[in-house]
Amino acid sequence: MAAGATIYTFTVTLADVDRGVYEDLSLRVARHPSETDVFMLTRVLAYALEYEEGITFTEGLASTDEPAIVVRDATGALTAWIEVGAPDAARLHEGSMKADRVAVYTHRDPAKLVASWAGKRIHRGEDIAVISFDRGFLETAASGIERRTALTVSVTEKHLYLEINGQTFSSDIHSVFAA
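On a predicted model such as this, the values are computed, not experimentally measured, just so you know. (Residues numbered from 1 in each chain as written. Predicted model: local features only at pLDDT ≥ 70, side-chain atom pairs only at ≥ 80, totals over all residues. Heavy atoms only, no water.)

*Asks:* How should I be thinking about unusual backbone geometry in this particular structure?
*Replies:* Its identity is not glycine, yet E157 carries a phi of approximately 50°, on the positive side. Structurally, E157 is set in the loop between β8 (148–156) and β9 (159–164). What makes E157 exposed here is its relative accessible area of 70%. Of note, the phi angle at K158 is positive, near 60°, even though the residue is not glycine. When you line up the elements, K158 lands in the loop between β8 and β9. (Helix = DSSP H or I, 4+ residues; strand = E, 2+ residues; numbered from the N terminus. Buried < 20%, exposed > 50% of the residue type's maximum accessible area, 1.4 Å probe, protein only.)

Next comes the structure, spelled out in structure tokens:
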């Protein structure tokens, strides 16, 4: 955990109908001093939407060698490299060399992000999904985050329904590919 990080606790009820994943999660999330509520919410949603056995948060902003989230199999082998925000092409290239699957969850304009990678070498770039949400969704939803936050995350037909401490929000889940 980074020095000066603030710990947030999220109690998450996850119902991802699209993937058949139904879980109750208790997450302790270290928020780096330079991290915004929007970025932190994007990390938490990425974790929930990617949830599978072996998923973990990394040191995130405190580490330059790892993405925000990784998935490892029972042997410890890296199977998924999940970036959050606006990673550069070199990080995606590295992640794609190390893991079977790479995804990016962004709180930024995905078209501008993908355009910034144009012409740069990204291993299996055509397989890297860039996931985003409706404009303004994350900013509005992040306003409901408290140090202890109850979340209900429901996904049906690529539509996200989110309840944060009793407030309800929704967004389509958008996906484009890096190359």
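*Asks:* For this particular structure, what's the right way to read the packing of aromatic side chains?
*Replies:* Applying the stated criterion across every chain yields a total of three aromatic pairs. Geometrically, the ring pair formed by Y47 and F57 is stacked, given 4.6 Å between the ring centres and 25° between the ring planes. Separated by ten residues along the polypeptide, Y47 in helix α1 (residues 37–49) and F57 in strand β3 (residues 55–57) bring together distant segments of the chain. Ring geometry for F133 and F137: centres 5.7 Å apart, planes at 40°, overall tilted. Across the pair, exposure class does not vary: F133 and F137 are buried alike. Here R147 stacks its cationic end above the ring of Y8, 5.9 Å away from the centre of that ring. (Phe/Tyr/Trp six-rings, centres within 6.5 Å; stacked < 30°, edge-to-face > 60°. Lys NZ or Arg CZ within 6 Å of the ring centre and 35° of its normal.)

*Asks:* What am I meant to see in the pattern of salt bridges here?
*Replies:* Opposite charge on two side chains makes pairing possible when the charged atoms of those side chains draw close. Taken as a whole and judged by the stated rule, the model has eight salt bridges. With its nearest N and O atoms 3.5 Å apart, the salt bridge here joins E52 to R101. Separated by 49 residues along the polypeptide, E52 in the loop between α1 and β3 and R101 in strand β6 (residues 101–105) bring together distant segments of the chain. Between E94 and K98 there is a salt bridge, with its nearest N and O atoms 2.7 Å apart. One end of the pair is E94 and the other is K98, both in helix α2 (residues 89–98) and four residues apart, which spans about a single turn. Taken together, the shared-partner salt bridges connect E50, E52 and R101 into one network. (Salt bridge = Lys/Arg side-chain N within 4 Å of Asp/Glu carboxyl O.)

*Asks:* Would you take a moment to explain the sheet that holds strand β2 (residues 21–31) for this structure?
*Replies:* Sheet strands associate in pairs through backbone hydrogen bonding, adopting either a parallel or an antiparallel arrangement. The strand order across the open sheet built from ten strands is β2-β1-β8-β9-β10-β7-β6-β5-β4-β3, with neighbouring strands paired in mixed fashion. If you trace the sheet from one side to the other, it starts and ends with β2 and β3, each paired once. This sheet shows a mean twist of 25° between the axes of neighbouring strands, independent of strand direction. Alignment of β8 against β9, held across six bridges, turns out to be antiparallel. Among the inter-strand pairings, V155 is bridged to a residue of β9, identified as L160. Sitting on the sheet, α2 touches β5 (78–84) and β6, and the angle it makes with β5 is about 160°. (Pairing = 2+ DSSP bridges. Axes fitted to C-alpha atoms, helices over the stretch in contact; angles between N-to-C directions. Contact = heavy atoms within 4.5 Å.)

*Asks:* Honestly, the environment of G95 in this entry has me stumped. Any pointers?
*Replies:* With respect to the helices, strands and loops of the structure, G95 is situated in helix α2. A C-alpha to C-alpha distance of 10.0 Å links G95 and I128, two positions 33 residues apart in sequence. Excluding anything up to four places from it in sequence, G95 contacts W81 and V102.

*Asks:* Before we go on, may I ask you to explain the side chain of E50 in this structure?
*Replies:* With respect to the secondary-structure elements, E50 resides in the loop between α1 and β3. A distance of 2.7 Å separates the side chain of E50 from the side chain of Y105, its partner in a polar contact. For E50, the residues in contact, after removing those within four places along its chain, are R19, I55, I82, R101, A103 and Y105. (Polar contact = N/O pair within 3.5 Å; in protein donor to acceptor, adjacent residues only side chain to side chain.)

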